[in-house]
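Survey of secondary and tertiary structure
In case you want the letters, here they are:
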Amino acid sequence: MSPPVITVNNVSFRYNEVPVLEKVSLAVEQGEFLGIVGPNGGGKSTLLKLILGLLKPLQGTIAVLGSAPQEACRQLGYVPQFIHFDRHFPISVCDTVLQGRLGKTRTFLGFNRYDRKRAAQAMEETEILDLAQRPIAALSGGQLQRVLIARALACDPQILLLDEPTANIDPKVEEDVFDLLKRLNERITMIVVSHDIGFISNYINRVACLNRTLVCHTTSAITGGILEQLYGSPIRMVHHETRLNGSGKAHGNHQ
Amino acid sequence: MNGFIDALTSQTFLQNALWGSVLASIACGIIGPYVVVRKIGYLAGGIAHAVLGGMGAAYFLGKSPLGGALIAAIGAALLIGWVSLHEHRQEDIMISALWAVGMAAGILFISRTPGYNVDLMSYLFGNILMIPRRDLYLIAFLDLGIAVTVLLFFKQFLAVSFDPEFARLRGISVEFFSLLLLTLVALTVVILIQVVGLVLVIALLTLPAAIAGNYTRTLGRMMVLSILLGFLFTSGGLALSYQPDLPAGATIVMLAGGGYLLSTLGRRFRRP
């Protein structure tokens with residue numbers, strides 16, 4: 001068996017005096033579809049940023065594809081939460097996706113023909129090719145999410161990391177996005193951060209429950225007791241076979 | 001208006017002034033959209049006012065004020081840029097401090113300069129009618145530098161402005177390109193000071209680009225439209241101010257402000 005693509009070993013991190021992660025260890029295998037769940041402020045996004053090399057661990061080590069995160073980050077595709085940039089920025093879908101080619105293309109002048117071809121393939125795969133010339137300000141939440149996934153795919157990533165990919169879109173579109181991710185998982189290792197446990201457990205092989213400390217489960221092993229431990233209050237379970245339709249958004253199961 | 005066109009054919013100083021407006025429009029049309037989309041108008045204002053310190057010092061030492069302006073502008077841009085990247089919480093204070101202290105230093109230097117006292121008003125509000133030909137060559141050279149740099153690094157500047165975190169993950173040096181972009185803002189400020197003076201710089205840096213942003217959907221097209229609008233406002237202001245002998249810089253800014261008001265109102269009425 002090949003070595004894990006990501007190894008997180010005993011990592012701790014804090015912002016100023018507030019501890020966010022404590023002695024977290026995690027190994028991600030090639031081809032896996034890992035879900036990281038946990039309450040807001042539980043350290044999910046922080047763990048992603050550590051893996052991406054945007055933050056440095058205070059203690060412990062992280063190896064990505066056999067090297068340090070800062071060196072490996074060009075092999076990763078990152079889909080950030082989309083609240084973090086200006087949706088009225090004057091940029092087209094195509095130009096946004098092309099940004100995924102940065103770091104693989106020439107330094108001077110514009111993108112070359114190969115970059116444009118790869119961007120077109122990424123848009124084709126995410127079914128947004130017909131939106132290529134639209135400004136991003138004119139997109140729906142689900143469309144914008146696909147644009148961000150296409151941008152990450154244009155990087156030719158070996159691993160795709162997504163931070164709350166369904167936070168701002170409605171449940172029907174959410175299902176489409178996860179179906180897309182499931183398809184991509186046939187060739188790309190996936191890590192998805194979500195607070196939507198009930199929903200993602202239909203798609204993932206393994207779930208890491210993160211609330212400062214991290215516990216891993218295979219999806220079939222999630223029980224009410226584990227969730228209660230994670231969220232610190234009794235939780236109504238949505239069973240894995242339950243497909244959510246328009247009415248019951250999975251946030252409900254945290255109450 | 002006819003008087004202006006007649007004078008334009010015969011008077012060298014008016015021809016120089018018109019060339020000055022063309023060259024200034026190119027710089028502010030290319031850089032203005034970055035200032036608008038990155039929302040750094042206040043930062044640009046800080047650089048513009050800090051420039052008075054450099055101009056005053058150069059004047060005091062008997063050197064070219066334009067040289068002093070260039071050094072002060074780039075220095076202020078790099079300082080604010082560095083603070084913004086590393087001590088983001090201090091950015092606002094830093095800009096305010098540079099803004100006021102730069103002006104204070106300039107005024108002290110000018111007051112201590114012996115001999116015939118410089119016309120402070122022309123630094124503050126510009127005097128495009130007095131622009132000498134050799135300054136036009138320098139401005140043209142700066143324009144060329146700005147245009148070539150933006151052409152070479154267009155995709156990096158776009159990425160750093162749109163989503164710096166993602167740009168960093170793709171191996172782009174966000175720090176280098178942010179500071180380079182601010183240096184270009186500083187050069188543009190120095191060019192615009194020749195036309196409208198340092199108090200009014202922000203108007204030309206933001207208003208044409210903001211109007212262009214109402215009608216275009218990509219940064220490149222926003223730049224082209226900004227250049228055209230900038231030329232319309234500067235040359236129009238020059239022409240309007242000529243006959244009644246109004247201050248050209250202030251007339252240009254009023255025209256740009258009126259244009260922005262109309263464009264924004266028009267947009268509201270079109271899409272209620």
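What counts, and where the lines are drawn
Counting restarts for each chain: residues are numbered from 1 in the order of the written sequence. All chains are assigned letters beginning with A, and all ligands numbers beginning with 1, in the order in which they are written. Reporting in this predicted model follows two pLDDT cut-offs: at least 70 for local features of residues, and 80 or more for side-chain atom pairs to be given and counted; totals over whole chains, interfaces and linings ignore these cut-offs and use all residues. Side-chain measures were taken over the full set of non-hydrogen atoms in the model, leaving aside hydrogen atoms and water. Helix and strand labels come from DSSP, where a helix needs a run of H or I of at least four residues and a strand needs a run of E of at least two; each type is numbered from the N terminus. Remark: exposure states derive from per-residue accessible area (1.4 Å probe, protein chains only) relative to the maximum for the residue type, with buried under 20%, exposed over 50%, and partly exposed in between. We call two residues in contact whenever any of their non-hydrogen atoms come within 4.5 Å of each other. The quantity reported as buried area is the accessible area (1.4 Å probe) lost by two parts once they are put together, taken as the sum for both. A pair is scored as a salt bridge if a Lys or Arg side-chain nitrogen falls within 4 Å of a carboxyl oxygen belonging to Asp or Glu. For this analysis, a polar contact is any N or O atom pair within 3.5 Å, provided that within protein one partner can donate a hydrogen and the other can accept it, and provided that sequence-adjacent residues contribute only side-chain to side-chain pairs. Under the grouping applied here, Gly and all other residues not named as nonpolar or charged are polar, the nonpolar ones being Ala, Val, Leu, Ile, Met, Phe, Trp, Tyr, Cys and Pro and the charged ones Asp, Glu, Lys and Arg. Working definition: rings of Phe, Tyr and Trp (its six-membered ring) pair if their centres are within 6.5 Å, and the pair is stacked with planes under 30 degrees apart, edge-to-face with planes over 60 apart, and tilted otherwise. Put simply, a charge is over a ring when the Lys NZ or the Arg CZ is close to the ring centre, within 6 Å, and near the line of the ring normal, within 35 degrees. Here, any two strands with at least 2 DSSP bridges between them count as paired. Every axis in this analysis is a line fitted to C-alpha atoms, fitted for helices over the stretch in contact. Angles between the N-to-C directions lie between 0 and 180 degrees. Defined by distance alone, a disulfide is two cysteine sulfur atoms within 2.5 Å. In this scheme, a crossing is called left-handed if the near helix is turned counterclockwise away from the far one by less than a right angle; it is called right-handed if the turn is clockwise.

Here we come to the overall build of chain A. Of regular secondary structure, chain A possesses eight helices and nine strands. Across the 255 residues of chain A, 54% fall into the buried class. Sequence-distant contacts in chain A: of pairs separated by 6 or more residues, those separated by 24 or more amount to 68%.

Counting from both sides, the interface comprises 23 residues of chain B and, opposite them, 33 residues of chain A. Between chain B and chain A lies a buried interface of about 2700 Å² when both sides are counted; carbon and sulfur atoms form 65% of it. Contact with chain A buries area across many residues of chain B, yet Lys155, Phe162 and Arg170 of chain B alone supply 32% of it, more than any other trio. The interface formed by chain B and chain A holds three salt bridges in total. Salt-bridge contacts for Asp163 of chain B lead to Arg151 of chain A; the nearest nitrogen and oxygen are separated by 3.0 Å. Applying the counting criterion to the chain B and chain A interface returns 14 residue pairs in polar contact (both at pLDDT 80 or more). Looking at the side of chain B that touches chain A, the elements that each hand over two or more residues are helix H7 (133-152), helix H8 (154-162), helix H9 (164-169) and helix H12 (219-242) of chain B. When residues in the side of chain B that touches chain A are grouped by element, the largest group, six residues, is from H8 of chain B. Across the side of chain B that touches chain A, the residue classes tally to twelve nonpolar, four polar and seven charged.

A complete count under the given rule lists eleven aromatic pairs over all chains for this structure. Ring geometry for Phe13 of chain A and Tyr15 of chain A: centres 5.1 Å apart, planes at 80 degrees, overall edge-to-face. Owing to a relative accessible area of 8%, Phe13 of chain A belongs among the buried residues under this scheme. Summarising the aromatic geometry, the rings of Phe89 of chain A and Phe162 of chain B are spaced 5.2 Å apart at their centres and angled 65 degrees between planes, so their arrangement reads as edge-to-face. Linking Phe89 of chain A in the loop between strand E5 (76-79) and helix H3 (93-98) with Phe162 of chain B in helix H8, this pair reaches from one chain into another. On the basis of relative accessible area, Phe89 of chain A is assigned to the buried category, the value being 2%. Members of the aromatic cluster, connected to one another through ring pairs, are Phe108 of chain A together with Tyr34, Phe153, Phe157, Phe176 and Phe177 of chain B. Taking NZ or CZ as reference, Arg151 of chain A lies 3.6 Å from the ring centre of Phe166 of chain B, over its face. One Lys or Arg, Lys155 of chain B, reaches over the ring of Phe111 of chain A and ends 5.7 Å from the middle of that ring.

Residue and element names in this part refer to chain A. Phi is positive for Leu65, which is not a glycine, with a value near 50 degrees. With relative accessibility at 27%, the residue Leu65 sits in the partly exposed group. With a phi angle near 75 degrees, Arg212 is a residue other than glycine that sits in the positive phi range. Tracing the sequence through the fold places Arg212 in the loop between strand E8 (206-211) and strand E9 (213-218).

Here we take up the environment of Glu125 of chain A. Residues and elements named next belong to chain A. Positionally, Glu125 belongs in helix H4 (residues 113-125). Using a relative accessible area of 30% as the deciding quantity, one classes Glu125 as partly exposed. In the structure, Glu125 is positioned 79 residues away from Ile204 in sequence and 20 Å away in space, judged by C-alpha atoms. Setting aside anything within four residues of it in sequence, one finds Glu125 in contact with Leu153, Leu180, Arg183, Leu184 and Arg187.

All names here are of chain A. Read from one edge to the other, the open sheet built from three strands follows the order E2-E1-E4, with strand pairing classed as antiparallel. The open sheet has two edge strands with one neighbour each: strand E2 (18-28) and strand E4 (59-64). Going from strand to strand, the sheet's axes swing by 25 degrees on average, the running direction of each strand aside. The pairing of strand E1 (residues 6-15) with E4 spans five bridges and is antiparallel. Across the sheet, Ser12 pairs through a bridge with Gln59, a residue of E4.

Let's shift gears to the side chain of Ser241 of chain B. Relative to the helices and strands, Ser241 of chain B is located in helix H12. With sequence-adjacent residues up to four places away left out, Ser241 of chain B is seen in contact with Leu246, Pro247, Ala248 and Thr251 of chain B.

Once their charged atoms are close, side chains differing in charge can pair, the charge on each being opposite to the other. Residues and elements named next belong to chain A. Applying the stated criterion across every chain, the model contains 13 salt bridges over all chains. For the salt bridge of Arg206 with Glu32, the shortest nitrogen-to-oxygen distance reads 2.3 Å. Highlighted residues: Arg206 in strand E8 and Glu32 in the loop between E2 and strand E3 (33-37), separated in sequence by 174 residues. Taken as a pair, Arg206 and Glu32 share a single burial class, namely buried.

What follows deals with helix H1 (residues 44-52) of chain A. Residues and elements named next belong to chain A. Across the nine residues of H1, seven count as buried, placing the element largely inside the fold. Those residues of H1 that sit buried are Lys44, Thr46, Leu47, Leu48, Leu50, Ile51 and Leu52. A positive phi of about 85 degrees marks Gly53, the residue just after H1.

This next bit is on the state of the cysteines. Residue and element names in this part refer to chain A. Taken as a whole and judged by the stated rule, the model has zero disulfides over all chains. Here Cys73 is not disulfide-linked; the sulfur of Cys155 is the nearest cysteine sulfur, at 9.8 Å. A residue is classified by how much of its surface remains accessible, and Cys73, at 9% relative accessible area, is buried.

What follows is about the pairing of E2 of chain A. All names here are of chain A. Relative to E2, E1 runs antiparallel, the two sharing seven bridges. Counterpart to Tyr15 in the pairing with E2 is Val18. In sequence, E1 turns back onto E2 through a hairpin of two residues, with Asn16 there showing a positive phi of about 50 degrees.

Take the packing of helix H4 (residues 65-86) of chain B against helix H10 (residues 174-196) of chain B next. All names here are of chain B. For the pair H4 and H10, interaxial distance at closest approach is 8 Å and the crossing angle is 145 degrees. In this structure, H4 meets H10 at a crossing whose hand is right-handed. Two secondary-structure elements touch here, H4 through Leu66, Ala69, Leu70, Ala73, Ile74, Ala77, Leu78, Gly81, Trp82, Leu85 and His86 and H10 through Glu175, Ser178, Leu179, Leu182, Thr183, Ala186, Leu187, Val190 and Gln194. Split by residue class, the contact of H4 with H10 holds 14 nonpolar, five polar and one charged.

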